[in-house]
Each structure stands twice: as structure tokens, then as C-alpha cells.
Amino acid sequence: IGVGKSTAAEILSKQGFKIIDVDKLGHQLLQNGEIKNNLIGEFGEKILGRDLNIDRQKLGQIVFSNTELLQKLNNIIRSKLKKKLKEVIFEANTNKEDIIVDVALLTELEVNNLCDKIILIKADTEKVYQRMAKGYNKKQILNVMNSQKVPKYDNIVENNGSKEELNEKLLALEIRRI
């Protein structure tokens, strides 16, 4: 959370990579009737917006404040998200597209073996706090950070500076399809 994964993906998209945004896939799954009903059953109708759809902001405020509730959310959505992500990756590979998977839970979604290279984007905790301060408090940020496993990676990119510095670091990696 807040390390700059999506910014890195955006930078790499300008090099011709197709981006698979796993957060967006997860947001789409919130429209799935079974998942929606399971989430309402677990967290109550207070997670619904005026349109009676899952309000991600309300849900986030609840689960990011409590590690156990975050784990319950992940348990409800993870299997369908894993299946959907694998389908999207296989489709992109079938179409011979060069892709970047923008994902925080790579290990948990068990798609490491589908990746040619894994780049870990990392930032100091204080920098993450600064970036995420508008939407979350420090406890919520720490709960999310502590729930994420660090995957085995091929490259690590420190992202404590500007977008231009991140761009330079990513270009220096000379990422190519294997």
C-alpha cells in the first residue's frame, strides 16, 4: 500500500506493456452477487452505498482498522480474484501481449509462477504514511502493510522520491519479455 505500484505500472505502460490492475479486478468482483451477499452477511448493510452496491470506502474503513476483518474480506474474495486474474493473464499470454501485473498480494493469489520477472516496489514507512494520509490513518496503513507478504523478487526498486526518479529506476531495469 502506498509504495507506488500503480505509478510504476503507469510508467511501464508507456513502454508498451499492457497493465493488469488487480485492484480493478477486485472492484469488479464486488458486483458479483455471491461475493456481495457474503460481504453483506459478514460486515452488514453498513457497507452499502445509496445505490445498494458495495461502497469500497465504507468497507475499507471497516476492514483496514482490524486485521481479522481484513483477513475475512480476503477469504471471501481471494479465490474468485485468483481465478479471474489467472484467466486474464492466460488471455494476455495467448494474445502474446507483454503485460505488467499491478498487484499487492502476488504471493497470496498464487500467480508468482505465471510471472517472468517480479519487481518489488518499496518505500519507507514514513513515505507511505505521507502518500496515504488522505484516506487512511496510521493504524489502518500498518494493518494493510502487515497483511501483505513480500514475494521472492528479481528486482527491487526503492520509491522514496519523485515520479521522475521512479521512471529513471524503472527504465534502468530494461524490462523485456523473456
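Above this text you will find the structure in question.
Report follows, based on the coordinates. Predicted model, so just to flag it, every value in this text is computed and none were measured. (Residues numbered from 1 in each chain as written. Predicted model: local features only at pLDDT ≥ 70, side-chain atom pairs only at ≥ 80, totals over all residues. Heavy atoms only, no water.)

## What to know about the layout of surface pockets
Stage number 1. As a volume, the largest pocket reaches approximately 1100 Å³.
Stage number 2. Taken together, 36 residues form the lining of the largest pocket, with Ile1, Asp23, His27, Phe64 and Tyr136 sitting closest to its centre.
Stage number 3. Elements represented by at least two residues in the lining of the largest pocket include exactly helix 1 (5-13), helix 2 (22-29), helix 4 (56-63), helix 5 (67-94) and helix 7 (138-147).
Stage number 4. A per-element tally of the lining of the largest pocket places helix 5 first, with 6 residues.
Stage number 5. Split into classes, the residues belonging to the lining of the largest pocket amount to 18 nonpolar, 11 polar and 7 charged. (1 Å grid on protein atoms, 1.4 Å probe; cavity = no way out; pocket = protein on both sides within 12 Å on 5 of 7 lines; lining within 4 Å. Points joined across faces, edges and corners; volume = space filled by probe spheres on them. Helix = DSSP H or I, 4+ residues; strand = E, 2+ residues; numbered from the N terminus. Nonpolar A, V, L, I, M, F, W, Y, C, P; charged D, E, K, R; others polar.)

## A few points about the pattern of salt bridges
Stage number 1. Tallied over the entire structure, the rule returns 7 salt bridges.
Stage number 2. Between Lys163 and Glu10 there is a salt bridge; the shortest N-O distance is 2.6 Å. In this pair, Lys163 is assigned in helix 8 (residues 163-172) and Glu10 in helix 1, connecting sequence segments 153 residues apart.
Stage number 3. For Lys163, a relative accessible area of 38% translates into the label partly exposed.
Stage number 4. The residue Glu110 makes a salt bridge to Lys82 at a minimum N-O spacing of 3.0 Å. Pair noted here: Glu110 is in the loop between strand 2 (99-102) and strand 3 (119-122) and Lys82 is in helix 5, with a separation of 28 residues, a long-range link.
Stage number 5. Within this structure, Glu10, Lys14 and Lys163 form a network of salt bridges that share partners. (Salt bridge = Lys/Arg side-chain N within 4 Å of Asp/Glu carboxyl O. Buried < 20%, exposed > 50% of the residue type's maximum accessible area, 1.4 Å probe, protein only.)

## Focus: the packing of helix 4 against helix 5
Stage number 1. One can describe the packing of helix 4 onto helix 5 by two numbers: an axis separation of 7 Å at closest approach and a directional angle of 130 degrees. Between helix 4 and helix 5, the angle is such that the two are oblique. Within the contact between the two elements, helix 4 uses Leu59, Ile62 and Val63 and helix 5 uses Leu69, Leu70 and Leu73.
Stage number 2. For the contact of helix 4 with helix 5, the residue count by class is 6 nonpolar, no polar and no charged. (Axes fitted to C-alpha atoms, helices over the stretch in contact; angles between N-to-C directions. Parallel < 35°, antiparallel > 145°, perpendicular 65-115°, else oblique. Contact = heavy atoms within 4.5 Å.)

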